[in-house]
Structures are given as structure tokens and as C-alpha cells.
Amino acid sequence: MLDYDLHCHSNISDGTLTPAEVVDRAFSRGVKVLALTDHDDMDGLDEARSRALQHDMRFINGVEISVTWRKHTLHIVGLNIDPSYAPLQQGLLAVRSGRTERAMRMSDDLARAGISGVYQGAVKYAHNPNMIGRTHFARYLVESGHCKDVKSVFNRYLVNGKPGYVPHQWAALSDAISWINGSGGIAVLAHPGRYMVGKHSMGKKTMHELLAEFSALGGCALEVVTGSHTPEQYAEFARYADEFGLLASCGSDFHGPGESHRDMGRLPDLPLICRPVWERLQ
Ligand code: AMP
Ligand code: MN
Ligand code: MN
Ligand code: MN
């Protein structure tokens with residue numbers, strides 16, 4: 001079987017490696033089919049694609065779009081998108097546009113909690129300052145000694161109810177799906193298990209409503225195997241995919257060496273009941 005990794009990040013968004021370095025790492029770890037899926041930005045795709053060509057790997061254009069659905073933030077991965085499709089480009093530009101102001105408000109909120117200068121510290125970690133986000137804040141809070149690692153930052157700060165959290169309006173679900181589908185791509189609901197943990201998470205009833213709406217809007221697949229899922233969640237979301245007629249995707253959600261739940265590639269197989277998303281990527 002080929003080794004697929006259909007979700008990962010470079011420093012075009014909040015990863016630590018350049019797009020070419022991401023591809024090199026994937027290649028060295030046995031990945032045969034790779035999608036780069038930076039948050040709300042497609043600028044890394046050309047560099048990644050030409051490096052993948054050198055390794056004779058198959059490369060799939062991807063993106064991970066930030067969405068606000070009801071009160072929840074969701075991530076929709078687009079696979080096989082066409083980066084030259086104007087509505088997708090313009091949509092992503094609009095999604096990115098609020099990040100700097102949001103980051104300044106996050107920094108103000110942290111200052112009120114006694115930690116000052118976080119915006120100035122965090123922006124140094126953002127290769128593209130317009131893409132500044134919570135991961136860059138987390139890296140600075142680790143470097144400055146406030147937390148021991150990125151994971152513990154997200155236990156104490158930057159999430160709903162904690163210092164440094166600022167609510168934000170991202171793209172509408174219907175828009176994100178139509179930009180992806182309009183460009184000839186496939187829309188994948190990323191890491192669904194993440195929406196069901198924590199204080200402000202969704203319950204099973206809401207997950208059912210989300211999956212029904214996602215399918216009705218033209219969503220195609222569910223990320224069943226991802227770095228943040230447990231083996232129990234692989235089985236749980238395989239059943240959801242089956243119930244809603246969705247294909248199943250897999251990806252590491254790699255952000256950088258030593259920082260992610262999983263390194264690239266060598267992901268567990270999809271559960272047998274799944275119809276893999278690569279049926280539609282041929
Ligand atoms: P933003 O788009 O600025 O809201 O940042 C979201 C990013 O923060 C995600 O893509 C992850 O990279 C990171 N993140 C969110 N929650 C966690 C968490 N609990 N642990 C580690 N990283 C997280
Ligand atoms: Mn991220
Ligand atoms: Mn995500
Ligand atoms: Mn991701």
C-alpha cells in the first residue's frame with residue numbers, strides 16, 4: 001500500500017519547516033503521496049510541488065481553511081484544489097485579513113493577565129506576519145519561560161475561557177466548501193475528534209448535525225486518522241463516515257519536529273469499513 005499523508009504544515013502558516021523541508025522530511029519517512037495543507041494560505045504549494053517532483057513523489061495541492069460554524073471553530077481541508085481559482089484566492093485573503101488585529105487583542109488580553117509584549121515576541125516566529133496565529137504565540141510563551149511546551153500553553157492560555165483567547169469570525173462553512181469544490185477540489189472535515197473535547201466542545205447530537213450539514217453542502221470526506229485522534233477515535237469516526245456516506249482521509253497534521261502529536265507518514269491504516277479519499281484523488 002502507498003503511504004499517504006494528506007495534512008501537514010510549513011512555515012507559510014504555523015509549521016516550523018519550509019515547504020521544501022516538509023517534502024524532504026516526508027520523503028525520508030516513506031511518504032509516497034503528500035498534500036501540504038497550510039492554514040488559509042496556498043503560497044507554499046509551488047515550492048513543495050517542485051521538490052516533490054525531484055523525489056518522484058506524488059504531490060497534492062492542499063489548504064486548511066478556518067471556519068466558524070455556530071459557536072465552533074472548524075478546520076476544512078481542501079485536497080486537489082486549484083490555487084489559481086480566483087474565488088478561493090479571494091476567500092482565503094479575506095480569512096487571513098483579520099489575523100493581525102486578532103493577535104494584537106490576544107496580546108492585550110495576555111498583558112492584562114500579567115504577560116506583556118507577547119505580540120512583538122510571537123510575530124518573530126511568523127515567517128509571514130499576516131499569518132500570525134496561536135501557535136506562534138505558544139512558541140513565544142515557551143521560549144520566554146511561561147510554559148514548558150506548546151501543549152501546556154494550550155492548557156493554560158489562548159483557548160476559550162483562558163487568558164489570551166479572543167473570539168474570531170472565520171469563513172462560513174458553506175463558503176469554504178464552495179471555494180474548494182468550485183476549484184475542483186475535495187472538502188474534508190479535519191480532526192473531528194478535536195471538536196468534541198474541552199469545555200466548549202460539541203456533543204454527539206451537534207456532531208450529527210454538523211456532518212449532515214457538511215454532506216448537504218457538498219463536503220466529501222472525514223479525517224479519520226489524524227495525529228490528535230486515539231485508536232478509539234479512528235473507529236468512532238470511521239463509523240460516522242460510513243453513516244454519512246463520507247470518504248475517509250488520513251494525515252499527520254505535522255507542524256514541526258518535536259512539536260506535533262505525530263511525525264509525518266507511517267500513519268496507521270484506515271479502518272476496513274472506510275472508503276479512502278484517494279478513490280477520488282486518482
Ligand atoms: P489559530 O488558527 O491562530 O487559531 O491557531 C490554531 C492552531 O493552534 C492549530 O492549527 C494548531 O496548530 C494549534 N493548536 C490549537 N489547539 C492546540 C492544542 N490543544 N495543542 C497544540 N496545538 C494547538
Ligand atoms: Mn496549526
Ligand atoms: Mn487544524
Ligand atoms: Mn492542520
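Analysis parameters
- Residues numbered from 1 in each chain as written.
- Chains lettered and ligands numbered in written order.
- Predicted model: local features only at pLDDT ≥ 70, side-chain atom pairs only at ≥ 80, totals over all residues.
- Heavy atoms only, no water.
- Donors = N, O, S within 2.8 Å, 3.2 Å for Na, K, Ca; no water.
- Helix = DSSP H or I, 4+ residues; strand = E, 2+ residues; numbered from the N terminus.
- Buried < 20%, exposed > 50% of the residue type's maximum accessible area, 1.4 Å probe, protein only.
- Pairing = 2+ DSSP bridges.
- Domains from an automatic or database assignment.
- Contact = heavy atoms within 4.5 Å.
- Buried area = accessible area lost by both parts, 1.4 Å probe.
- Near = heavy atom within 4 Å.
- Polar contact = N/O pair within 3.5 Å; in protein donor to acceptor, adjacent residues only side chain to side chain.
- Areas by Shrake-Rupley, 256 points an atom, 1.4 Å probe, with all protein chains shown as cover.
- Lys, Arg positive; Asp, Glu negative; His and termini not counted.
- Salt bridge = Lys/Arg side-chain N within 4 Å of Asp/Glu carboxyl O.
- Axes fitted to C-alpha atoms, helices over the stretch in contact; angles between N-to-C directions.
- Disulfide = S-S within 2.5 Å.

## Topic: the coordination of the manganese ion (ligand 3)
Part 1 of the argument: Of the protein atoms, only Glu-64 (OE), His-75 (ND1) and His-191 (NE2) coordinate the manganese ion (ligand 3), at distances of 2.1 to 2.2 Å.
Part 2 of the argument: One chain supplies every donor for the manganese ion (ligand 3), spaced along it as E-x10-H-x115-H.
Part 3 of the argument: In this structure, the manganese ion (ligand 3) lies 5.4 Å from the manganese ion (ligand 2). One end of the pair, Glu-64, is in strand β3 (residues 58-69); the other, His-75, is in strand β4 (residues 72-79), and 11 residues separate them in sequence. Accessibility classification places Glu-64 together with His-75 in one group, the buried group.

## Looking at the coordination of the manganese ion (ligand 4)
Part 1 of the argument: Around the manganese ion (ligand 4), the donor atoms from the protein are His-7 (NE2), His-9 (NE2), Glu-64 (OE) and Asp-253 (OD), and they sit 2.1 to 2.2 Å away.
Part 2 of the argument: In the primary structure, the donors to the manganese ion (ligand 4) are separated according to the pattern H-x1-H-x54-E-x188-D.
Part 3 of the argument: The manganese ion (ligand 2) is placed at 4.7 Å from the manganese ion (ligand 4). Residue Glu-64 is found in strand β3, and its partner Asp-253 is found in the segment after β7 (247-251); the two are separated by 189 residues along the sequence. For the pair Glu-64 and Asp-253, a shared accessibility class is recorded, and that class is buried.

## Points about the pairing of β4
Part 1 of the argument: Where burial is concerned, most of β4 is hidden: seven out of the eight residues are buried.
Part 2 of the argument: Where β3 lies against β4, eight bridges are found, and the strand directions are antiparallel. If you follow Trp-69 over to β4, its bridge partner there is His-72.
Part 3 of the argument: Where β3 hands over to β4, the hairpin turn is made up of two residues, of which Arg-70 adopts a positive phi near 50 degrees.
Part 4 of the argument: When β4 meets strand β5 (residues 186-189), the two strands line up antiparallel, connected through four bridges. Along β5, the bridge assignment pairs Val-77 with Val-188.

## Describing the domain arrangement of the protein chain
Many descriptions give the size of an interface as the accessible area lost when the pieces come together.
Part 1 of the argument: Per the domain assignment, the segments making up the protein chain are domain 1 (4-96 + 184-279) and domain 2 (99-156).
Part 2 of the argument: Computed from C-alpha coordinates alone, the two centres of domain 1 and domain 2 are separated by 24 Å.
Part 3 of the argument: If you look at the interface, domain 1 gives 13 residues, while domain 2 gives nine residues.
Part 4 of the argument: The junction of domain 1 with domain 2 conceals about 910 Å² of combined surface from both sides, 46% of it contributed by carbon and sulfur atoms.
Part 5 of the argument: It is Asp-14, Arg-96 and Glu-259 in domain 1 that bury the most area against domain 2; as a group they hold 45% of the surface buried on that side.

## Section: the site of ligand 1
Part 1 of the argument: In the vicinity of ligand 1, the contacting residues are Asp-14, His-39, His-75, Arg-99, Arg-102, Gly-133, Arg-134, Thr-135, Phe-154, Arg-194 and His-255.
Part 2 of the argument: Within the contact set of ligand 1, an oxygen atom lies 3.1 Å away from a side-chain nitrogen or oxygen of Asp-14.
Part 3 of the argument: Between ligand 1 and His-39, the relevant distance is 2.8 Å, taken from an oxygen atom to a side-chain nitrogen or oxygen of the residue.
Part 4 of the argument: Compared with its free state, where it exposes 500 Å², ligand 1 has 80% of that area covered by protein.
Part 5 of the argument: Among the secondary structure elements, those contributing two or more residues to the shell around ligand 1 are α4 (99-112) and α6 (134-143).

## Overview of the side chain of Asp-5
Part 1 of the argument: Structurally, Asp-5 is set in strand β1 (residues 4-5).
Part 2 of the argument: The buried charged residue Asp-5 lacks any salt bridge partner; its closest oppositely charged side chain belongs to Arg-29, at an N-O distance of 7.4 Å.
Part 3 of the argument: Asp-5 has contacts with Val-31, Val-33, Leu-34, Ala-35, Cys-250, Gly-251, Ser-252, Met-264, Gly-265 and Leu-267, leaving out every residue within four places of it along the chain.

## Structural notes on the sheet that holds β5
Part 1 of the argument: A sheet is described by the order of its strands in space; here seven strands give the open sequence β1-β2-β3-β4-β5-β6-β7, paired in mixed fashion. The open sheet is flanked by β1 and β7, the only strands paired with a single partner.
Part 2 of the argument: In the sheet, β1 pairs with strand β2 (residues 33-36) via two bridges, with the strands oriented parallel. Paired with Tyr-4 across the two strands is Val-33, which belongs to β2.
Part 3 of the argument: Against the sheet, helix α9 (residues 204-216) makes contact with β3, β4, β5 and β6 (221-226), and its axis sits at roughly 180 degrees relative to β5, the strand it touches most.

## Here's the deal with the state of the cysteines
Part 1 of the argument: Following the criterion strictly, the structure yields zero disulfides and no others.
Part 2 of the argument: Cys-8 takes part in no disulfide bond, and the closest cysteine sulfur to it belongs to Cys-250, at a distance of 12 Å.

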